[in-house]
Every structure is written in structure tokens, then in C-alpha cells.
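# Close look at the chain arrangement
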Amino acid sequence: MKYLKQVLTVTLWEYRRFFKPKNELLGIAVMIVVFFLVYFIGKYAASAEEEKTSLTISETLDVKLTSLLSQEFELNKIYENQKDNYIKQISNNQEDVLLWNDNAGFVLYSYKKPQAFKKLNKILNKYNQTRAMEEIKLSQENLQHVLKPVSIAEKYFEETSGRKVLVYFFAGLMILAVVLSFAYQFTAITGEKQLKITEQIVSAIKPQVWMDGKILGITLTGLSSLITYSIISILGGLLFFQFTDVPLKYIFQVLHAPSIIIFLMFALMSVLMWNSLLAAIASVITDPNNSGKSSLMLLPVLFVVITLVISPQNKLAVFLSWFPLTSATAMPMRWVVGNVDLWQLAGSFILLTATFYLLRKLAAKVFRVSILMSGKEPTWGEIIKLAKEA
Amino acid sequence: MNNTLSENILEVNSLNKRYKNIHAVKDISFSLEQGDVFAFLGPNGAGKTTTLRMLLDIIKPDSGNIQWNVNGNAGSVPPSENIGYLPEERGLYIDVPIIKSLLYMAAIRGMDPAIAKKAAMEWLEKFELADRAKEKLQVLSKGNQQKIQFIASIIHKPAFAILDEPFSGLDPINQEKFIEYIRDLNLQGTTILLSAHQMPLVEKIAKKVFLINQGQKIFCGKLSDLYKDFDKQQVLNISFNSNVNEDRLKLLPEVENINWVNPQEVKITFKSGVNLNNALSELIKIDSINNISSHNPDLHDIFLNLVKNHKL
């Protein structure tokens, strides 16, 4: 009872120290401003693209091609005897683009590759295709018949595409939670060591109590930030659907209760496990600016990279779905694809939980050892030796 | 044995701690009774902080036994809600309002939040810092930060308080105030174990002392007994006309110990029962004397004598 009360006290202290609603709101405000800036800049760029660029062609160019080009370009026409002079002027007037058609094909004259090259290429291909069809006397209907893709009626007993979306959604949230925790945990532990608060605290509570409180408090802080951002994202999403007329039922189709429960369990345990690992690493760092051990704090990057590149069908995924540092994303992904038995799901979760349990114990031992080595950062050898004695 | 245990709030037997090749604490034993003010004295690196950390179960002894008996709770680990600790290495959350830091420290010692707030404000009033309760610690002067640290360690009215160097960083006025606060705390029933270097201050409040040097006990007992051991010794403060050669002073058979005030002034402790007339006539031969004063050895003199003459 005393243990729980003390852990709760430390948890709430850490949570209140790091979770600042005012700062969260400020972050969201900045996010909204950035979103609108990106939106308006994108819109401006799109409208700028809609303006027709000018293109010079031969007065005698085929009427059909001229008609196609006129839909996308502002056309100027010149006679053949003007061509050479026009080409000479291109170096002076760098915006000029000349499209010429001779017997060998099309030639494009421009000071540098024009931005509208792709658009022009598409029109010319379409024009060439039409001409080829006319030459072999192939009607438009017949061509479409030839190119028609094969029809596959999809009738599955279980729909997984929506659940895949959920997996990626939770993986994304987990990455965010681990990255946020990384910053908080680092500050919480190394900061207190530098402020020399540790000795007074461990005279009142056991290092294990303090470490457990920190891990829970920082996890709670990370999850709170996550919930804040999730709510904002959902509200933004609803607003998006409101304006785009996409039915909300697409969202509800994705929501699969058993999947959500499994993902939440794995996600929560994984964040706790990562926080314990980060706490153990932060405990051996005395001076974050000069410690060689600080680079170990980049371990979560490995988790992020693996999460992003993992393919649930891959054989490596079987190993990663059991390996505690990656199982929280790999196992749900495999489960969604449908090649995982329930015992595997349970086994992986138990292994993840056991790893969290042992890492929090290790973090407390390492912490106890390192706080007493005031001023001097312990070597790995010393940590292992003293942790065994502790 | 059981009878003794029930009277002692803390009993330490044959405590040992080694760090690699250093025997930091060698077979030390002592005990504290309820209501004691016990001074733990020794030079830097003598093993004081290591001993205090072992008492608080922050580090484990290699051998020996620690027995606490606080408010009926007996065991080798101190009950945290009844223990206060002011570590030598000071530190609190500098970016958090003072009152919040104090309430957190009280909460982890199991104190009720409402009672803790009342106690915190009372102590802040006492230290004339009540109007700064909501400020962050980092804006306070070093001396005032020291006061907050002190409050944090005793806010929960512990039955036993360990104060490691409570006077360091304080000006003389605040040192005197701290003596009063420690005395008040003791009068309210808190047993005090303090480690300090300021002997004149320790003399004012300590009832018992433990002198430690290089991990070993050199004296443990009542302060009055310590004075009694040295009351036959005389200390002379002698000011010579010019710089004096220490080797010549050391040759005098009556001299127990020499402490230099400056190159011309020396504090000499003489062996018990020696004839001072003989000694003085020898001293005059060394150099002419400007000034001379005599007094009984104080704790500072005794401490220096014991440490200097301590044979391992």
C-alpha cells in the first residue's frame, strides 16, 4: 500500500512537471498555423500552375495537335522562315519555348528544360496514339476493349484492409509516444542528477519506487500529449470530411474493436518498456553534453526505422514480432494479415511485459549505483559489478 | 542487551565498508538515545558521508549491523516517514515554486498535504521567506536556498534527523539562527545526528560526539567526557617576534601538538601535567615572545590534536 502511494506521488509529480497544457495548446496553435500556411502556399502553387504557359508552334502544325495544345498552352504561331531567327533569340528571351515538327519527329527548343515538359509530353503521346490508331483503322471503342483490365470480384470472409490502416495508425502513435518520452525521460533523470536532488529523494523512497514513478509519470505525459494531438487530428479529420463530402462510414469501417484492444495493449506495454530502457540509459549519464553514452538514447530511432520498413509477410517479421523492442508493431501487423495464432499473440505480449518488468528493475539498480558515484560517470564494467552487488 | 536496544533509537555495530583498495569505514560502533544531539566529526574523506549513507540504506555495508528503533518500528532500514536527511550535496528543483517542492518532499515522506502546507508555511515564516513561497528556488540567494533545503529535510517533523554539514554556505548570523532551529527541533523531540566542520557551532548544541579519522573511531562519548580527558592539558597562544622554525618547537618534550595561526603565531597544546615554566623558558630561547595567552583546549583544539596524533 505504501509502495503504491509513493509511486502515485512520484507519478503525479513527474506528470505535472512535464505535462503543461499551456505549452500543448501553444504547440497545437503553431501546428494549425503551419497547416494553414502549407495549405495556402499549396493552393497558390496550384493556381499558379493553372495559368497557361506560352508555347510557340509552326503555323502549319496539324490542326488536331494545335487544338489539343491550345487546351493547355497559350499558343503563338510562326512561319518556317521565322524559325531560325526565333531560335537565335531564345538565349535572350529565356522564357520562349518552340515546338517544331519535322519529318523525323518533334523538336523542342528552349533555353532550359521547361517546367511544362511533362504536360507537353503527355499531349504529344496522346496525339501520336490517335494518329497510330487512325493509321491501322482502330476505333476508340476497339482500343478500349483491348486495354480493358481483368475484372476480379473480391469476396473475402474477413476484411483486413481497414485493420491494416489501424495498425499503421497505432504504430504511428507509438512512435510519437516513444519519441516524446525520450525527451522527457532524458531531462527528468539527467537533470535531477545534475541538480543533485537524488540523494535526498532516495533517503525517503527506494530507488525502485522513484524509478517506477518516473516511468509511469513520463509514460502518462507522453500519452497525454498523444491524446491531445489525436483529438485535434480527429477533429481536423471530421472537418475535412465535412468539406469533402466523403462519408463518415469509411472511418467507422476501419474501427474493429478486438484489433483496437490488442493494439492498445501492445502499444501501452511497449511505451512502458521503452521508457524503462531509456530510464536505465539516462541513469548512467552524468553529464549529457560530454557523455559517450548519450548516443545510446538514439536507440528508439532503430524502432522507428524497423516499424516503417517492416513487411508483415516477411520471414524477418516472425522474429521481430517476438523481439520485445519491435514486437509491439510487428506482431499486430502479422496478426492483421492473419497468419498468427492466438498463443503467439499472447506469448509475444507476455515476453514484452516480462521485458518491461526486468528493465524497470535494471533501471532502478543502475540508478542506485550511478547516483553514488558523484561527479564520476561509471564505466559499463563498474555498473555491471555494482548492480550485481546492489 | 534487549534493554539497551529498547532505549537506543539507533545502534551501530562493527560497520565496515570498502571501495576497491580503500577501507572507507573500519569496524565502527556507536549508539544514539532518544533526544540526543550527536555530532559526527572528522576531516574530509574520513568516512562520515559513507557512514551516513549506510545508516539510510542508500549504500549497503560490507559487514556490521545497523539497528533502528524509531517510534516502535525496529529494523535495519530506517522508516522514511520518521527520518529527515539533509545531504552534504544540496539540491532541489530550481525551476519549481518553492512551496510545491516542499509539499512534494513532505508527500514522499507520507505527510498529509494539508498538514504539510501548514508546516511549510510555518517554517517559511520562521525563515522570513513566506512571501516568496510561490517563487522559483533559482531566484533565491545561496543562503536562502540552504534554508529551503533544511525545511525540506525536516518538514515532516521526523523523530530522527541526519544533518550533513548544515552550516556550510551560511553567514555567521544565519549559522546562529540554524543552531536555534536545530535546538528547537531537538526540544520538540527530534533526535539529531549532525556532521559538521564548524567546531565552535557544534560545541553549542552537541551532547555527544563521535570522532572519526581514516574510517576509524578515535573517540565516541559525551562531549563533557571528552573535555574531561583534556582538561589537564594547557593550550598557549604564543606570538613571536619573527618567523619560528617548527622543528625547534617539536624538539620540546612538553609539546603535545602544534597548530600554526600564522608564521609568527602558534597554538601549542602541552602534555597533561607538564611544568609550563620549563617549557616557557625553553620557548624564550627560540625567539623573543610578543604576546602569550592561555586557555583550556576547546573542541577545535581537541579535534586537531586527536586527528594529528591518531595512529592507524
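Here, the structure is the one placed above.
What you are looking at is a predicted structure, and each value in this text was computed from that prediction instead of being measured.

### Remarks on the overall build of chain A
Each helix and strand in chain A was counted, giving 16 helices and four strands. Within chain A, the proportion of its 390 residues that are buried is 41%. Carbon and sulfur atoms make up 64% of the accessible area of chain A, which totals about 23,300 Å².

### What about the sheet that holds strand 2 (residues 73–78) of chain A?
Backbone-to-backbone hydrogen bonds join strands into a sheet, with any given pair of strands oriented parallel or antiparallel. Residue and element names in this part refer to chain A. With mixed pairing, the four strands of this open sheet are ordered in space as 2-1-3-4. Edge strands, defined here as strands with exactly one partner in the open sheet, are strand 2 and strand 4 (105–110). With direction set aside, neighbouring strand axes in the sheet form an average angle of 25°. Note that strand 1 (residues 53–58) and strand 3 (residues 97–102) share two bridges and pair parallel. Along strand 3, the bridge assignment pairs T56 with L98. Against the sheet, helix 3 (residues 63–70) contacts strand 1, strand 2, strand 3 and strand 4, and its axis sits at roughly 140° relative to strand 2. Against the sheet, helix 5 (residues 117–135) engages strand 1, strand 2, strand 3 and strand 4, with an angle of about 165° to strand 4.

### Considering the nonpolar core
Of all hydrophobic cores here, the largest spans 144 residues; its most connected members are L10, F30, L55, L124, F150, L193 and L226 of chain B. Here this core takes 14 residues from helix 11 (residues 257–283) of chain A, the largest share from any one element. When sequence neighbours within four positions are dropped, the list of residues in contact with L10 of chain B reads F30, S31, L32, L55, I66, Q67, W68, F160 and L193 of chain B. Within the second largest apolar cluster, 14 residues are counted, among which are L236, I258, V266 and A279 of chain B.

### Regarding the sheet that holds strand 14 (residues 289–295) of chain B
Residues and elements named next belong to chain B. Here four strands make up an open sheet; going across it, the order is 12-13-11-14 and the pairing antiparallel. Either end of the sheet is taken by a strand with one partner, and the two such strands are strand 12 (255–262) and strand 14. Here the average twist between neighbouring strands, direction ignored, is 20°. Judged from the six bridges that link them, strand 12 and strand 13 (residues 265–270) form a sheet pairing that is antiparallel. Within the sheet, the bridge partner assigned to V255 lies in strand 13 and is F270. Against the sheet, helix 11 (residues 299–308) contacts strand 11 (235–240), strand 12, strand 13 and strand 14, and its axis sits at roughly 120° relative to strand 12.

Rules behind the numbers
- Residues numbered from 1 in each chain as written.
- Chains lettered and ligands numbered in written order.
- Predicted model: local features only at pLDDT ≥ 70, side-chain atom pairs only at ≥ 80, totals over all residues.
- Heavy atoms only, no water.
- Helix = DSSP H or I, 4+ residues; strand = E, 2+ residues; numbered from the N terminus.
- Buried < 20%, exposed > 50% of the residue type's maximum accessible area, 1.4 Å probe, protein only.
- Areas by Shrake-Rupley, 256 points an atom, 1.4 Å probe, with all protein chains shown as cover.
- Pairing = 2+ DSSP bridges.
- Axes fitted to C-alpha atoms, helices over the stretch in contact; angles between N-to-C directions.
- Contact = heavy atoms within 4.5 Å.
- Core = buried A, V, L, I, M, F, W, Y, C linked by side-chain atoms within 4.5 Å.

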